[in-house]
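As a plain string of letters, each chain reads:
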Amino acid sequence: MKTLADLKRAMIIGSKWEAVHYNGFNFGVREIREVRSKEVGFRTERGNISWVDFPKASDMKIVNGWVEFWQDWYVNCQVGNKRVPLIKYKQIK
């Protein structure tokens, strides 16, 4: 997987992904329940669907098999100069 298009092709209904928040919180393995053109829906532990918007290609990075979604870091309600990964996903085979 090298591009955003590769990510969209891999995120199909029934595939399983591990999700980790930037602060280290592990959401565990989640299964994709619904896919739309601009977002994907993961099944939560409660059985609900948690939606994630696909990032722009410039806001995505692939590092050691993990797909990282990046955003601007907000400090005191102001956009800082530092960009940090918000959440990262890895496909479970």
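Describing the side chain of Glu 18
Thinking step 1. Here Glu 18 shows up in strand E1 (residues 16-21).
Thinking step 2. Here Glu 18 occupies a buried position and makes no salt bridge, while the nearest side chain of opposite charge, Lys 90, is found at 6.6 Å.
Thinking step 3. A distance of 3.0 Å separates a polar atom in the side chain of Glu 18 from a polar atom in the side chain of Asn 26.

Re the layout of surface pockets
Thinking step 1. By volume, the largest pocket amounts to about 240 Å³.
Thinking step 2. What lines the largest pocket is a set of 14 residues, and nearest its centre among them are Val 52, Phe 69, Leu 86, Ile 87 and Tyr 89.
Thinking step 3. Mapped onto the lining of the largest pocket, the elements with two or more residues apiece are E1, strand E2 (26-35), strand E4 (49-53), strand E6 (66-75) and strand E7 (78-92).
Thinking step 4. Class assignment of the residues belonging to the lining of the largest pocket gives a composition of nine nonpolar, three polar and two charged.

Quick look at the confidence of the model for the protein chain
Thinking step 1. The pLDDT averaged across the protein chain works out to 85; a share of 86% of its residues lies at or above 70.
Thinking step 2. Mean pLDDT values for the elements of the protein chain range from 73 in E6 up to 94 in E2.

Cut-offs and rules
- Residues numbered from 1 in each chain as written.
- Predicted model: local features only at pLDDT ≥ 70, side-chain atom pairs only at ≥ 80, totals over all residues.
- Heavy atoms only, no water.
- Helix = DSSP H or I, 4+ residues; strand = E, 2+ residues; numbered from the N terminus.
- Buried < 20%, exposed > 50% of the residue type's maximum accessible area, 1.4 Å probe, protein only.
- Lys, Arg positive; Asp, Glu negative; His and termini not counted.
- Salt bridge = Lys/Arg side-chain N within 4 Å of Asp/Glu carboxyl O.
- Polar contact = N/O pair within 3.5 Å; in protein donor to acceptor, adjacent residues only side chain to side chain.
- 1 Å grid on protein atoms, 1.4 Å probe; cavity = no way out; pocket = protein on both sides within 12 Å on 5 of 7 lines; lining within 4 Å.
- Points joined across faces, edges and corners; volume = space filled by probe spheres on them.
- Nonpolar A, V, L, I, M, F, W, Y, C, P; charged D, E, K, R; others polar.
- pLDDT = per-residue confidence, 0-100.

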